[in-house]
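Report on the structure
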Amino acid sequence: MACAGVVVALVVLLGVGHAVAGIRVDSATMMIRRPSSSIPTFREAPAFRNGEECKAAGGRVDVAMTLDANYLRGTMAGVLSILQHTACPESVSFHFLAAGMDADLAAAVRATFPYLDLRVYRFDPSRVRGRISRSIRHALDQPLNYARIYLADTLPPDVRRVIYLDSDVVVVDDIRALASVDLGGHVVGAPEYCHANFTNYFTDAFWSDPALNGTFRGRRPCYFNTGVMVMDVGKWRAGGYTRRVEQWMEVQKQTRIYHLGSLPPFLLVLAGDIQAVDHRWNQHGLGGDNVKGRCRGLHPGPISLLHWSGKGKPWLRLDAQRPCAVDYLWEPYDLFRPSSPVLEE
């Protein structure tokens, strides 16, 4: 029997005190409409509930990601993987940074995960546009790629520790284990890769100028990937880390000291001064290199998180019917639905 009246509302926090409408209801036809056709549509994920152990465990896990139409399919897969592999899914709160006020993006997430605890914050691209320098790959130059720099300035005061994740990851372990790592007094924790040739991340102009490379004096800098980080939000704010990263971006505008996007200024500020996290939490590079995105295999050892950093993204390679072997590890988390049906009451 059709209902006489249906009210469907979506309220998503945008920054401070802003809200947007989400799923729309046509009052004449009583048809529940999904987000606009410009946004991909997805199957609704199952409801995930906390296990008995969560009553005693306590504590909320805060996860931050960006929200972008071009990477929405990856974001959805990442969220599903987190919920599926944690014993306490209802204790995970998601914080999404979006570059615009697009209600359809938020509506798509809510429609796919009706039970999700989420907030969406508007990231103002003008904060970084004047500081971005052209890199080796256009995708790395997008303002939203720099939003992680402003994460601590964006999140509300009740968020004291946050896990930042790129939109091309899937988590295959309980996210609580990553959230509870001992930061040892450091502002950031992440897997370190000291075997990587660190000098390659900066130009000859940087290494030939003691006034610049002297920033690493007293540190043993190692490469770390900023797509998976545990951040002490209070320490980041107190230490003025946002401004410190910005200052290196301003140096880059005057003298080209690196070729990549938002990674090098993070390394300049933090490399050699982070808490090393087990490598299992970032099996990175599965998207291949930044130029051609050639297939790469898995590194040996246990795996808790798979990361398609690099040019190749699993959903694009699967759709093109040119997948790499590792892309089949991402596919089970893909909620993408090719059509955009209208649900009728």
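Residues numbered from 1 in each chain as written. Predicted model: local features only at pLDDT ≥ 70, side-chain atom pairs only at ≥ 80, totals over all residues. Heavy atoms only, no water.

**Remarks on the nonpolar core**
- Ranked by internal contacts, the top residues of the largest apolar core, which has 51 residues, are Phe94, Phe96, Phe113 and Leu165.
- Considering every element that reaches this core, the biggest residue donor is helix α2 (residues 72–85), with seven residues.
- Contact partners of leucine 165, with chain neighbours within four places excluded, come to Val63, Ala64, Met65, Ile82, Val171, Gly227, Val228 and Leu305.
- If you look at the next biggest cluster of nonpolar residues, it comprises 47 residues, including Tyr164, Val233, Trp236 and Leu268. (Core = buried A, V, L, I, M, F, W, Y, C linked by side-chain atoms within 4.5 Å. Buried < 20%, exposed > 50% of the residue type's maximum accessible area, 1.4 Å probe, protein only. Helix = DSSP H or I, 4+ residues; strand = E, 2+ residues; numbered from the N terminus. Contact = heavy atoms within 4.5 Å.)

**Description of the environment of methionine 76**
- Of note, methionine 76 is situated in helix α2.
- The exposure class of methionine 76 is buried, given its relative accessible area of 2%.
- Setting aside anything within four residues of it in sequence, one finds methionine 76 in contact with Phe42, Ala108, Val109, Thr112, Phe113 and Leu335.

**Examining the confidence of the model for the protein chain**
- Averaged over all residues, the pLDDT of the protein chain equals 85, while 83% of them reach at least 70.
- pLDDT under 50 marks residues 340–345. Its contacts with residues more than four places away, or in other chains, come to 13 contacts. (pLDDT = per-residue confidence, 0-100.)

**Side note on the state of the cysteines**
- A full pass over the atoms with the stated rule returns three disulfides.
- What pairs with cysteine 194 in a disulfide is cysteine 222, and their sulfur atoms sit 2.0 Å apart. Handedness here is read from the sign of the S-S torsion; for cysteine 194 and cysteine 222, about 100 degrees, the answer is right-handed. Of this pair, cysteine 194 sits in the loop between β12 (192–193) and α7 (204–207) while cysteine 222 sits in the loop between α8 (210–213) and β13 (223–224); the two residues are 28 residues apart in sequence, bridging distant segments of the chain.
- Assigning the bonded cysteines of the protein chain consecutive numbers by sequence position, one obtains the connectivity 1-2, 3-4, 5-6. (Disulfide = S-S within 2.5 Å.)

**Focus: the pattern of salt bridges**
- Applying the stated criterion across every chain, the model contains 15 salt bridges.
- Of the charged contacts, one joins arginine 176 and glutamate 53 as a salt bridge, the two residues approaching to 3.1 Å between their closest N and O atoms. Highlighted residues: arginine 176 in helix α6 (residues 175–179) and glutamate 53 in helix α1 (residues 53–57), separated in sequence by 123 residues.
- Taking the relative accessible area as the measure of exposure, arginine 176 reaches 25% and is therefore partly exposed. (Salt bridge = Lys/Arg side-chain N within 4 Å of Asp/Glu carboxyl O.)

**Describing the packing of aromatic side chains**
- For the structure on display, the rule yields 19 aromatic pairs.
- Look at phenylalanine 198 and phenylalanine 202: their rings are 5.6 Å apart centre to centre, the planes differ by 50 degrees, and that puts the pair in the tilted class. When sorted by exposure, phenylalanine 198 lands in the same class as phenylalanine 202, which is buried.
- Grouped by ring-pair contacts, the aromatic residues Tyr193, Phe198, Tyr201, Phe202, Phe206, Trp207, Phe216, Tyr223 and Trp248 constitute a single cluster.
- Taking NZ or CZ as reference, arginine 49 lies 4.6 Å from the ring centre of tyrosine 115, over its face.
- Positioned above the aromatic ring of tyrosine 241, the side-chain terminus of arginine 244 is 4.3 Å from the ring centre. (Phe/Tyr/Trp six-rings, centres within 6.5 Å; stacked < 30°, edge-to-face > 60°. Lys NZ or Arg CZ within 6 Å of the ring centre and 35° of its normal.)

**A few points about the sheet that holds strand β14 (residues 228–232)**
- The seven strands lie next to each other as β8-β7-β6-β9-β14-β11-β15, forming an open sheet whose pairing is mixed. This sheet does not close on itself; its edge strands, each paired only once, are β8 (117–122) and β15 (275–276). (Pairing = 2+ DSSP bridges.)

**Some thoughts on helix α11 (residues 263–270)**
- Within α11, eight of the eight residues are buried, which leaves the element mostly enclosed by the surrounding structure.
- Among the residues of α11, Leu263, Pro264, Pro265, Phe266, Leu267, Leu268, Val269 and Leu270 are the ones counted as buried.
- The elements touched by buried residues of α11 are β11 (188–190), α7, β13, β14, α9 (233–238) and α10 (241–254).
- Directly after α11, the chain includes glycine 272, whose backbone phi takes a positive value near 85 degrees.

**Brief notes about the packing of α10 against α11**
- The contact between α10 and α11 brings their axes to 9 Å, and the two run at 120 degrees. Classified by the angle between their axes, α10 and α11 sit oblique to one another. Crossing geometry of α10 relative to α11 is assigned as right-handed. Contacts between α10 and α11 pair Tyr241, Arg244, Val245, Trp248 and Met249 from the former with Pro265, Leu268, Val269 and Leu270 from the latter.
- Its residues assigned to classes, the contact of α10 with α11 comprises eight nonpolar, no polar and one charged. (Axes fitted to C-alpha atoms, helices over the stretch in contact; angles between N-to-C directions. Parallel < 35°, antiparallel > 145°, perpendicular 65-115°, else oblique. Left-handed = near helix turned anticlockwise from the far one by under 90°. Nonpolar A, V, L, I, M, F, W, Y, C, P; charged D, E, K, R; others polar.)

**Remarks on the environment of glycine 130**
- Within the element layout of this structure, glycine 130 appears in the loop between α4 (126–129) and α5 (151–154).
- On the basis of relative accessibility, which here comes to 57%, the residue glycine 130 falls in the exposed class.
- C-alpha separation for the pair glycine 130 and methionine 249, spaced 119 residues apart in sequence, amounts to 9.5 Å.

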